[in-house]
Each structure stands twice: as C-alpha cells, then as structure tokens.
Amino acid sequence: MHLFVLILHVVGAGIFVGAIAVAAYVTFRSPLYSTRIALLKPLQVIIPLATYAQLATGIYLFLINIDHFVYSEFFWLKMILYAADGLLATFILKKRVEADLAQGEGEIKNNLRNFYLLQLLIALLIISFAVTVGESH
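So, a few notes on the structure that sits alongside this text. (Residues numbered from 1 in each chain as written. Predicted model: local features only at pLDDT ≥ 70, side-chain atom pairs only at ≥ 80, totals over all residues. Heavy atoms only, no water.)

Moving on: the environment of Lys78. A relative accessible area of 12% means that Lys78 is categorised as buried. For the pair Lys78 and Ala123, spaced 45 residues apart in sequence, the C-alpha separation works out to 9.5 Å. In contact with Lys78, other than residues within four places in its own chain, are His9, Ile126, Phe129 and Ala130. (Buried < 20%, exposed > 50% of the residue type's maximum accessible area, 1.4 Å probe, protein only. Contact = heavy atoms within 4.5 Å.)

Structure representation (structure tokens):
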C-alpha cells in the first residue's frame, strides 16, 4: 500500500510540474493573444486536480512517517512553498487568466508570463525539497 501511495504522489507531482511547465511555455512566446491564453483554461483544472492528489497522498505519507516529517525543516519549507503556490495560483493566476480572456481580441500586455515562471520555480523547489526529505528518510 505504501509503495502504491508513494507512486501516486510522485505521479501527481509530475503532472503538477508538467502542467505548470506547459503553462509557462504557452505564455512565454510573444506576442500573447487571447487564443493562446485560452489554452490555459484546461491547465487550471489539471493543476488543482494533481495538487489534490498530492495532498491526499501526502497526508497519508505524513501520517505513517510522522516522526520523520515533524522534525524535518525541509518538509516544512516544502509545505510553505506548497501553500505559496496555492495562493499564487488561486489569487493571481486564475484572476489574470480570466481578465485576459475577457479582454477579447488583441495583444495581451501583462506579466502573466512572469507569474507562471515564478510558479514553475516554486514547483521545482517543492520537488527539490521533497527529494531531499525522501533521501534523508
């Protein structure tokens, strides 16, 4: 059971990081038009689903190894970054994508690209801390 849950946790992480990388790529090319922004809408469904899968499996993994995780600074840094990513995705990225889609035609001039790059950096840091925590276990 433990191995199965761990595999699901890693698959969720892969989907999470992969979807964020695709979103960063979509917004990276200039000029940015609403037709390209529309590609982000499905990703805004996929990313939370992967996050929820990670959360559910992560709680299980935490509870069966509570003694290890409670005293791990890297684990708590990972959780802080996880929360920061959730706030970024919920309160900034989702609203900006909706506003950009409402704009309609024409070039979109905002810093959506920078926020997705920030989200990608946060996701890669989360993965790095997760590997560090896993290796120390």
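Next comes the rest of the description.
Attention now moves to the nonpolar core. Membership of the largest hydrophobic core comes to 27 residues, with the highest contact counts inside it found for Phe16, Ile37, Leu40, Leu112 and Tyr116. Counting residues per element, the ones that place at least two in this core are helix 1 (2–28), helix 3 (40–64), helix 5 (73–103) and helix 6 (112–135). Here this core gets eight residues from one element, more than from any other, and that element is helix 6. Apart from residues no more than four positions distant in its own chain, Leu40 is found in contact with Ala23, Val26, Thr27, Val97, Leu112 and Tyr116. (Core = buried A, V, L, I, M, F, W, Y, C linked by side-chain atoms within 4.5 Å. Helix = DSSP H or I, 4+ residues; strand = E, 2+ residues; numbered from the N terminus.)

Tracing the backbone shows Thr51 in helix 3. Measuring from C-alpha to C-alpha, the distance between Thr51 and Phe16 comes to 6.6 Å, with 35 residues separating the pair along the chain.

This part covers the packing of helix 3 against helix 5. Direction vectors running N to C along helix 3 and helix 5 enclose 160 degrees, while the axes themselves pass 11 Å from each other. Classified by the angle their axes make, helix 3 and helix 5 are roughly antiparallel. For the crossing formed where helix 3 meets helix 5, the hand is left-handed. Packed against helix 3, whose contacting residues are Leu40, Lys41, Gln44, Thr51, Gln54, Leu55 and Phe62, the element helix 5 presents Phe75, Trp76, Tyr82, Leu93, Lys94, Val97, Glu98 and Leu101 at the interface. (Axes fitted to C-alpha atoms, helices over the stretch in contact; angles between N-to-C directions. Parallel < 35°, antiparallel > 145°, perpendicular 65-115°, else oblique. Left-handed = near helix turned anticlockwise from the far one by under 90°.)

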